[in-house]
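Summary of structural features
Listed below, chain by chain, are the residues.
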Amino acid sequence: MSRIILVVGLAAISSNAMAQQTTLHCGNLVDVENLRMLGEHSITVEADRIVSIAAGYNSPSADSTVVDLRNQTCMPGLMDLHVHLASEQSPNATVERFTLNPEDYAFRSSVHARSTLMAGFTTVRDLGNIVGVALRNAINQGMVVGPRMHVAGGVSTTGGHGDPTNGFRDDIMGSPGPDRGIINGPEDAVQAVRQRYKDGANLIKISATGGVLSMAPNGEGPHMSEAEIRAVVTTARDYGFHVAAHAHGAEGIKRAIRAGVQTIEHGTLMDDEAIALMKEHGTYYVSTISAGEFAYEKSQIPGYFPEMIRLKAEAIGPQIKGTFAKAYEAGVRIGFGTDAGVPAHGDNGREFVFMVEAGMPALEAIQSATLTAAEILGVENQLGTLTAGKLADIVAVPGDPEDDITVMERVGFVMKGGVVFKNE
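Residues numbered from 1 in each chain as written. Predicted model: local features only at pLDDT ≥ 70, side-chain atom pairs only at ≥ 80, totals over all residues. Heavy atoms only, no water.

A word on the overall build of the protein chain. Summing up its helical and strand segments, the protein chain has 14 helices and 17 strands in all. The C-alpha atoms of the protein chain give a radius of gyration of 21 Å, which matches the 22 Å a tight globule of 424 residues would have. Projected onto the principal axes, the alpha-carbon positions of the protein chain cover approximately 70 × 45 × 45 Å. Every one of the 424 residues in the protein chain was classed for burial, and the buried ones make up 56%. Taking the average location of the 33 positive side-chain charges in the protein chain and that of its 49 negative ones, the two points are 3 Å from each other. (Helix = DSSP H or I, 4+ residues; strand = E, 2+ residues; numbered from the N terminus. Rg over C-alpha atoms; globule rule 2.2 N^0.38 Å. Buried < 20%, exposed > 50% of the residue type's maximum accessible area, 1.4 Å probe, protein only. Lys, Arg positive; Asp, Glu negative; His and termini not counted. Charge placed at Lys NZ, Arg CZ, Asp CG, Glu CD.)

This is the structure in structure tokens:
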């Protein structure tokens, strides 16, 4: 009798601990390279790798575990390029900056990591997390259930979106410097990137403009000079990092693109010149429509945000979906990201719905969260497609996403590295 291995706790059981191979019988298969549905297929997994993919339902060997997904659509493990696993937005978020310790965030992050994996996201790029490196290491060591993590080290300016002391009273505000990622000039930028390397980060995130949820009045203005951004990018490349740029306003977006960042995050107020620059430089756009929709929705609830934040959320939030539509229509390359931690962790799949509503076909939206995301992370040789020899990160949804994109919010099967973490 075949058995299905389901990991429900911290102890992950390798699929080949019970059988030499695992065979998935998929009712449909998404070809994210050619943007087509392939119909009935069998995927054979051994240890942590895909060993074969064949049309139809094959007859596995007697000692193989069979997983029946004949009523589901299989696809590569999904990737979210913009999350914050340590936190989740709430009316208490501003106060919690003063009441929570890193240990509190560590416990919360382990819960959020699990929710993210169960939503089908087997890889994430965490762009701001007080315990991100520790969480990544714990997941890699099998102590915590969660996705593969690429953790960013932040670089911002004094008073910028990433300054951790924004909104503090004078006697505790202090003046954080490059050791905490806060810079004022190109020399500081070099030091800050090197410190982030020492801290164990995988990439750099800069705050090229103001932000919505920080305690600062302007969410649009440029906060880094082009020379500062260029110093970050040049140093980051020396250390094998790519650079993601948080940016809402057009001028900050253009400075970041010209200086060589790999991705623009949010990009709310990008203009035609910025779009042209993105295409010229091959810069990717990670739009985070979910965050914009969430911020606007909560801005309409009295008291949910401090007034300074509420005004920015109300003005900037509802514009992101339209910006996405404009960028997609212009041919900008798009990677999938939600800013989860603003919207709830585990609701990442809702971004697919927003993307399709904005004009992107369903299979292209899925491609943005698989093949394109893998290219951005530089892991396309190991992840991003269902290909023999690649890591066995596989998810399945109950139905056909081309007919109903909302099935991406109801992931029923999750395999990461050959281990089944969810099978409903």
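From this point, things continue past the structure.
Counted residue by residue, helix 7 (residues 250-259) has seven buried out of ten residues, so it is predominantly covered. Listing the buried residues of helix 7 in full gives Ala 250, Gly 252, Ile 253, Lys 254, Ala 256, Ile 257 and Ala 259.

All of the buried residues along helix 8 (residues 272-281) are Ala 274, Ile 275, Leu 277 and Met 278. For helix 8, the angular spread of the buried residues around the axis is 160°, confining them to a single face. Exposed and facing more than 90 degrees away from the buried side of helix 8 are Asp 272 and Glu 280. Its buried side turned inward, helix 8 meets helix 7, strand 12 (263-266), strand 13 (284-286) and helix 11 (320-330). Structurally, the start of helix 8 carries an N-cap: the backbone nitrogen of Glu 273 is 3.2 Å from a side-chain oxygen of Asp 271. Positive phi appears at Gly 282, one or two residues downstream of helix 8, with a value of about 70°. (Arc of directions from axis to C-beta. Contact = heavy atoms within 4.5 Å. Polar contact = N/O pair within 3.5 Å; in protein donor to acceptor, adjacent residues only side chain to side chain.)

Moving on, we get to the pairing of strand 4 (residues 49-55). Note: strand 3 (residues 41-46) against strand 4, six bridges, orientation antiparallel. The residue of strand 4 that forms the bridge with His 41 is Ala 55. Count of turn residues in the strand 3/strand 4 antiparallel hairpin: two residues, of which Ala 47 carries a positive phi of about 55°. (Pairing = 2+ DSSP bridges.)

A word on the environment of Ser 207. Its place among the elements puts Ser 207 in strand 10 (residues 203-207). Its relative accessible area of 4% is what places Ser 207 among the buried residues. In sequence terms Ser 207 and Val 155 are 52 residues apart; their C-alpha atoms lie 6.6 Å from each other. If sequence neighbours within four positions are ignored, Ser 207 has contacts with Val 155, Ser 156, His 161, Gly 162, His 223, Met 224 and His 246.

What follows concerns the packing of helix 9 (residues 289-299) against helix 10 (residues 307-316). In contact at an axis separation of 8 Å, helix 9 and helix 10 are set at 125° when each is read in the N-to-C sense. As judged from the angle between their axes, helix 9 and helix 10 are oblique. At the point where helix 9 passes helix 10, the crossing takes the left-handed sense. Across from Ala 295, Tyr 296 and Ser 299 in helix 9, the residues of helix 10 making contact are Arg 310, Ala 313 and Glu 314. (Axes fitted to C-alpha atoms, helices over the stretch in contact; angles between N-to-C directions. Parallel < 35°, antiparallel > 145°, perpendicular 65-115°, else oblique. Left-handed = near helix turned anticlockwise from the far one by under 90°.)

This brings us to the nonpolar core. Core analysis: the biggest nonpolar cluster contains 67 residues, and Ile 206 and Phe 352 have the highest contact counts within it. Here this core takes five residues from helix 6 (residues 226-238), the largest share from any one element. Here Ile 206 is in contact with Val 155, Met 224, Ile 229, Val 232, Val 243, Ala 244, Ala 245, His 246 and Val 261, once residues within four sequence places are set aside. Core analysis: the next-biggest nonpolar cluster, separate from the first, contains 16 residues, Val 45, Leu 69, Phe 413 and Val 420 among them. (Core = buried A, V, L, I, M, F, W, Y, C linked by side-chain atoms within 4.5 Å.)

Moving on, we come to the packing of aromatic side chains. The tally for this structure, following the rule as stated, stands at eight aromatic pairs. Seen in terms of ring centroids, Phe 98 and Phe 168 are 4.7 Å apart; in terms of plane orientation they differ by 45°. Their pairing is tilted. Here the residue Phe 98 occupies a position in helix 1 (residues 93-99), and Phe 168 occupies one in the loop between strand 8 (148-157) and helix 4 (170-173), the gap between them amounting to 70 residues. Using a relative accessible area of 46% as the deciding quantity, one classes Phe 98 as partly exposed. Overall, Phe 168 belongs to the buried group, its relative accessible area being 18%. Each member of the aromatic cluster is reached from another via a ring pair, and the members are Phe 121, Phe 336 and Phe 352. Directly above the ring of Tyr 284 sits Arg 333, whose terminal nitrogen or CZ lies 4.0 Å from the centroid. (Phe/Tyr/Trp six-rings, centres within 6.5 Å; stacked < 30°, edge-to-face > 60°. Lys NZ or Arg CZ within 6 Å of the ring centre and 35° of its normal.)

Attention shifts here to empty space enclosed by the protein. Summed over all chains, the structure comprises one cavity of 30 Å³ or more. Looking at the largest cavity, its volume works out to about 50 Å³. Taken together, Ile 50, Pro 76, Gly 77, Met 79, Thr 122, Leu 383, Gly 384, Thr 385, Leu 386, Leu 391 and Asp 393 make up the full set of residues lining the largest cavity. Here the lining of the largest cavity is built from residues that sort into six nonpolar, four polar and one charged. (1 Å grid on protein atoms, 1.4 Å probe; cavity = no way out; pocket = protein on both sides within 12 Å on 5 of 7 lines; lining within 4 Å. Points joined across faces, edges and corners; volume = space filled by probe spheres on them. Nonpolar A, V, L, I, M, F, W, Y, C, P; charged D, E, K, R; others polar.)

The buried fraction of strand 5 (residues 64-76) amounts to ten of the 13 residues, a majority that puts the element mostly inside the structure. By the bridge criterion, eight bridges tie strand 1 (residues 21-31) to strand 5 in an arrangement that is parallel. In the sheet register, His 25 faces strand 5, and the bridge partner there is Asp 68. Relative to strand 15 (residues 394-397), strand 5 is paired through four bridges, and the arrangement is antiparallel. Opposite Thr 73, over in strand 15, you have Val 397 as the bridge partner.

Just geometry here; none of it tells us what the structure is for.
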